[in-house]
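If you want the building blocks of each chain, they are given just below.
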Amino acid sequence: MSHSKSSLRFKRGKAVKPHLVNIDMFRRLGFLATFTLSIVLVNVIPFFPLASIALKPFAFLQPITFTVSSQELMYSRADLRSKNLLYWPDGNIGVVKRADQSIFLAANGPKPAKTMGSLDDVAAIVANRAITIRGLPNTYSYAAGGPVYRDINSGALLLFYHAERNRQNNYRMFYSSIGMAISYDNGANFNNLGEIVTANVSYDYGSPDIVELGGATFAVKGEYFYLYFRDYLTSGAVNHLAVARALISDVVRAAYVGKTANWYKYYSGHFSEPGLGGLSSYLEKNNPGTRWMSVSYNTYSNTFLMVAAQTLKGNTNLYLTTSADGINWEKRKQIEQEIGESFYPTIMSIDADPLYSGQSFYVYYTHSDIGGFERWKDAELARRLIRLSLPF
């Protein structure tokens, strides 16, 4: 596996006026800082001097390096056909790590698939190609997912799924939402709990032909789930990165009795709008387009990480960005330049706890020369290893 080295910079510090910042004092005191990632590719974007961010509350830059591996093919199209995983992974991949064989959950078309294996062979065993989530509304034409949370007390698995309602019996026209389901038998069976996040615009009134919220990717920080999605507003605008949150304890407690907890979208400085139909605020400057995304809380840099698939000039590529608070995100930096469509990214931890990424982590993704709704004619599963390095 070959690696290319790039320059990486973290902004660290505390919210003080820039002229009060004393870097040597911070180091002597061992100040526990918040790191915000800002990736700069070598020979692409030059180093930005400290003066260029002097007005920001986090006041100085510390250069570090990172490496991104070349593409590693995990499964060819022929491999996936041989396993009858014809539309897999049709979204984010969730993982439950175990000592013997880990469990992987991902959409295989309109239903979740359960596979078992290791990070080097995530579909070594195909346990179930099409899991039926019991108790779904009959209006759904699609309900599948990957992102999963394991409750350590009960062992129950909470699945975050992407649901769709087709328009005019056309699978290319749909209104999506995000829901949850629970399993008490390691993902063999799931019972529906209900929807937790829907677009601001409703299915019945004024929504466009396609309302695509994404794959229900979430990060865990402190006591909260942070769920990231696209939102479609009644104004006609699309918010390409929105967030809702809920207390983990509330979500688990509600799931035990077959219900969902209340989720709240971030809007105008507060988590105040209901997850079901509420308004949301843009989280990135200029609201760059997002086709799909994956998030993780990174314990090495103490930041939220996001890998987003974005289409520019006919190609869909992967971009990395970070946030100190999960709300204010840095400018995206491209991490691969393949021709075609790099899609459905999943940040995959190599550490013991799959909820958190560390110094090194994988990004799994599909790659297709064709792309779009025809991607499953040639899509393959690939991955890249990203490694972060702090200077001290």
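Refer to the structure above for everything that follows.
So, here's what we can say about the structure. (Residues numbered from 1 in each chain as written. Predicted model: local features only at pLDDT ≥ 70, side-chain atom pairs only at ≥ 80, totals over all residues. Heavy atoms only, no water.)

1. Regarding the overall build of the chain
Then comes step 1: Helix and strand counts for the chain stand at three helices and 27 strands.
Then comes step 2: Expressed as a percentage of its 392 residues, the buried residues of the chain come to 56%.
Then comes step 3: Taking all contacts inside the chain whose residues are at least 6 apart in sequence as the whole, residues at least 24 apart take part in 59%.
Then comes step 4: Approximately 16,900 Å² of the chain is accessible, and the part contributed by carbon and sulfur atoms is 51%. (Helix = DSSP H or I, 4+ residues; strand = E, 2+ residues; numbered from the N terminus. Buried < 20%, exposed > 50% of the residue type's maximum accessible area, 1.4 Å probe, protein only. Contact = heavy atoms within 4.5 Å. Areas by Shrake-Rupley, 256 points an atom, 1.4 Å probe, with all protein chains shown as cover.)

2. Quick look at the packing of aromatic side chains
Then comes step 1: Here the structure, examined in full by the defined rule, presents 21 aromatic pairs.
Then comes step 2: On the numbers, 6.1 Å between centres and 65 degrees between planes, the contact of Y75 with W88 is edge-to-face. With Y75 in strand 4 (residues 72-75) and W88 in the loop between helix 2 (77-82) and strand 5 (94-96), this pair connects stretches of sequence that are 13 residues apart. For the pair Y75 and W88, a shared accessibility class is recorded, and that class is buried.
Then comes step 3: Between Y266 and F271 the ring centres are 5.2 Å apart and the planes differ by 65 degrees, which places this aromatic pair in the edge-to-face class.
Then comes step 4: The buried category is assigned to Y266, whose relative accessible area is 14%.
Then comes step 5: According to the relative accessible area criterion, F271 is buried, its value standing at 19%.
Then comes step 6: Ring-pair connections join several aromatic residues into one group, and the members of that group are Y224, Y226, Y266, F271, Y297 and F304.
Then comes step 7: Here R165 stacks its cationic end above the ring of Y203, 4.5 Å away from the centre of that ring. (Phe/Tyr/Trp six-rings, centres within 6.5 Å; stacked < 30°, edge-to-face > 60°. Lys NZ or Arg CZ within 6 Å of the ring centre and 35° of its normal.)

3. Overview of the sheet that holds strand 8 (residues 121-128)
Then comes step 1: Sheet architecture is open: four strands sit in the order 5-6-7-8, paired in antiparallel fashion. Strands with a single pairing partner mark the edges of an open sheet, and in this sheet they are strand 5 and strand 8. The average angle at which neighbouring strand axes cross in this sheet is 35 degrees, direction not considered.
Then comes step 2: Here strand 5 pairs with strand 6 (residues 102-108) via three bridges, running antiparallel. (Pairing = 2+ DSSP bridges. Axes fitted to C-alpha atoms, helices over the stretch in contact; angles between N-to-C directions.)

4. Observations regarding the environment of Y264
Then comes step 1: Its place among the elements puts Y264 in strand 18 (residues 264-267).
Then comes step 2: Placed 37 residues apart in sequence, Y264 and L227 show a C-alpha to C-alpha distance of 9.8 Å.
Then comes step 3: Among all residues touching Y264, those that are not within four sequence positions of it are V243, A244, R245, F271, S272, E273, P274 and G275.

5. Description of the pairing of strand 26 (residues 360-368)
Then comes step 1: Counting buried positions along strand 26 yields nine of nine residues, so the element is predominantly enclosed.
Then comes step 2: Side chains S360, Y362, Y364, T366 and S368 of strand 26 all project onto a buried face; the interleaved residues F361, V363, Y365 and H367 project onto the opposite face, where all are buried too.
Then comes step 3: Examined bridge by bridge, strand 24 (residues 341-349) and strand 26 share seven bridges and lie antiparallel to one another. In the strand pairing of strand 26, T346 is matched with Y364.
Then comes step 4: In this sheet, strand 27 (residues 380-389) lies alongside strand 26 in antiparallel orientation, the contact comprising eight bridges.

6. Quick look at the sheet that holds strand 16 (residues 224-232)
Then comes step 1: A sheet is described by the order of its strands in space; here five strands give the open sequence 15-16-17-18-19, paired in antiparallel fashion. Of all strands in the sheet, those bounded by a partner on one side alone are strand 15 (218-221) and strand 19 (270-274). Across the sheet, the axes of successive neighbouring strands diverge by a mean angle of 40 degrees, strand direction being ignored.
Then comes step 2: Sheet topology places strand 17 (residues 238-247) next to strand 18; two bridges connect them, and they run antiparallel. Bridge assignment links R245 to a residue of strand 18, and that residue is Y264.
Then comes step 3: Seen against the sheet, helix 3 (residues 248-256) touches strand 15, strand 16 and strand 17 and runs at an angle of roughly 75 degrees to strand 17.

7. Remarks on a nonpolar patch on the surface
Then comes step 1: On the surface, Y171, I210 and F373 cluster together to form a nonpolar patch covering roughly 280 Å² of accessible area.
Then comes step 2: Its relative accessible area of 32% is what places I210 among the partly exposed residues. (Patch = residues over 30% accessible without salt bridge, like charges linked within 9 Å, V, L, I, M, F, W, Y side chains within 5 Å. Salt bridge = Lys/Arg side-chain N within 4 Å of Asp/Glu carboxyl O.)

8. Things to note about the side chain of N108
Then comes step 1: Counting through the fold element by element, N108 comes out in strand 6.
Then comes step 2: Side-chain polar atoms of N108 contact the backbone nitrogen of Y87, separated by 3.0 Å.
Then comes step 3: Setting aside anything within four residues of it in sequence, one finds N108 in contact with N84, L85, L86, Y87, W88, A113 and R129. (Polar contact = N/O pair within 3.5 Å; in protein donor to acceptor, adjacent residues only side chain to side chain.)

9. Focus on the pattern of salt bridges
Oppositely charged side chains can form a pair if their charged atoms are brought close together.
Then comes step 1: Applying the stated criterion across every chain yields a total of eleven salt bridges.
Then comes step 2: When the shortest N-O distance is used, the salt bridge between R98 and D100 registers 3.8 Å.
Then comes step 3: With relative accessibility at 32%, the residue R98 sits in the partly exposed group.
Then comes step 4: A relative accessible area of 62% means that D100 is categorised as exposed.
Then comes step 5: A cluster of three or more residues bridged by salt bridges with shared partners is formed by E72, D120 and R383.

10. Some thoughts on the pairing of strand 6
Then comes step 1: With seven of its seven residues buried, strand 6 lies for the most part within the structure.
Then comes step 2: Burial along strand 6 is two-sided: the face carrying S102, F104, A106 and N108 and the face carrying I103, L105 and A107 are both buried.
Then comes step 3: Counting the residues between successive antiparallel strands, the hairpin from strand 5 to strand 6 contains five residues.
Then comes step 4: Here seven bridges tie strand 6 to strand 7 (residues 111-118), and the two strands are oriented antiparallel to one another. Its bridge partner lying in strand 7, A107 is registered against P112.
Then comes step 5: Counting the residues in the hairpin turn of strand 6 and strand 7 gives two residues, including G109, whose phi is positive at 75 degrees.

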